[in-house]
Amino acid sequence: MAGLRERQKAKRHRAIIQAASTLFKQNGYEAARIEAIAEVAEVSVGTFYNYFEHKADLLLAIVSMEVEEVLHQGEGVVAAPPDDAYDAICTLVATYYDHSLVYLTKEMWRTAMAFSIQSPDTPFSRRYRELDHQLSEQVVALMARLQQGGLVRSGVDARAFGELTFLGLNGLFTAYTVSEAMALDDLKAAMFRQVRALTAQIGATERV
């Protein structure tokens with residue numbers, strides 16, 4: 001019975017998150033109402049508040065789901081990367097970018113970023129920074145793996161270059177979210193240019 005209850009709770013939790021993602025996309029974060037989210041999720045408003053206190057908690061849950069899924073996908077790239085650094089880094093980061101609007105819109109990303117900056121000591125901000133850190137660590141892990149495979153020069157500080165790579169590519173993503181006119185292909189083209197410059201500096205081979 002305990003296992004069944006946990007599965008039911010998990011099912012309701014997921015249903016609420018998916019309903020919120022849908023309504024945030026359709027109506028915008030500010031306009032979406034808790035009552036409407038509960039209705040779409042087929043739970044009572046009281047049940048909703050058993051899982052989430054505020055809409056911001058829902059937004060954070062959606063961001064967390066997004067990042068956790070791309071981290072899982074990224075594990076495969078780190079475990080078996082393409083056989084040159086340029087392809088490997090581009091493959092990993094393209095995985096992040098391609099998944100970025102599955103559950104969120106640009107407006108939702110901007111709202112989440114604003115919450116994390118405006119209130120740095122809140123659980124929301126701490127969790128958001130933790131997710132960013134996990135992504136950065138995955139890029140670092142890929143850089144270390146490439147170095148072990150002889151695709152990055154042995155004298156390169158793999159951690160420093162991994163962290164710098166993530167900062168640059170995260171900056172590109174921020175620019176993408178604040179420009180409604182910027183397309184995903186534009187974002188990826190800018191990323192390819194940055195990675196090409198990076199791999200030239202660390203002595204990696206590049207396939208053109």
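Attention in this report is confined to the structure presented alongside it. All values reported here derive from a predicted model rather than from experimental measurement.

The next thing to look at is the environment of L135. Residue position: L135 is located in helix α7 (residues 123-148). Owing to a relative accessible area of 10%, L135 belongs among the buried residues under this scheme. Along the primary structure L135 and F166 are separated by 31 residues, whereas in three dimensions their C-alpha atoms are 7.7 Å apart.

Examined against the element boundaries, S116 turns out to sit in helix α6 (residues 106-118). Using a relative accessible area of 11% as the deciding quantity, one classes S116 as buried. In contact with S116, not counting residues within four places along its chain, are F124, S125 and Y128.

This part is about the packing of α6 against α7. Packing of α6 against α7 brings their axes to within 8 Å, and their N-to-C directions diverge by 110 degrees. Considering their axes alone, α6 and α7 lie roughly perpendicular with respect to each other. Taken as a pair, α6 and α7 cross one another with a handedness that is left-handed. The residues of α7 that touch α6, namely those facing W109, A112, M113, F115 and S116, are F124, S125 and Y128. Its residues assigned to classes, the contact of α6 with α7 comprises 6 nonpolar, 2 polar and no charged.

This brings us to unusual backbone geometry. With a phi close to 60 degrees, E42 is a non-glycine residue in the positive phi region. In this structure, E42 sits in the loop between α2 (34-41) and α3 (45-51).

Another aspect to go through is the pattern of salt bridges. In this structure the tally under the stated criterion is 8 salt bridges. For K188, the salt bridge is made with D98, and the minimal N-O distance between the two is 2.9 Å. One end of the pair, K188, is in helix α9 (residues 184-201); the other, D98, is in helix α5 (residues 85-99), with 90 residues separating them in the sequence. The class of D98 is partly exposed, set by a relative accessible area of 43%.

The rules behind the values
- Residues numbered from 1 in each chain as written.
- Predicted model: local features only at pLDDT ≥ 70, side-chain atom pairs only at ≥ 80, totals over all residues.
- Heavy atoms only, no water.
- Helix = DSSP H or I, 4+ residues; strand = E, 2+ residues; numbered from the N terminus.
- Buried < 20%, exposed > 50% of the residue type's maximum accessible area, 1.4 Å probe, protein only.
- Contact = heavy atoms within 4.5 Å.
- Axes fitted to C-alpha atoms, helices over the stretch in contact; angles between N-to-C directions.
- Parallel < 35°, antiparallel > 145°, perpendicular 65-115°, else oblique.
- Left-handed = near helix turned anticlockwise from the far one by under 90°.
- Nonpolar A, V, L, I, M, F, W, Y, C, P; charged D, E, K, R; others polar.
- Salt bridge = Lys/Arg side-chain N within 4 Å of Asp/Glu carboxyl O.

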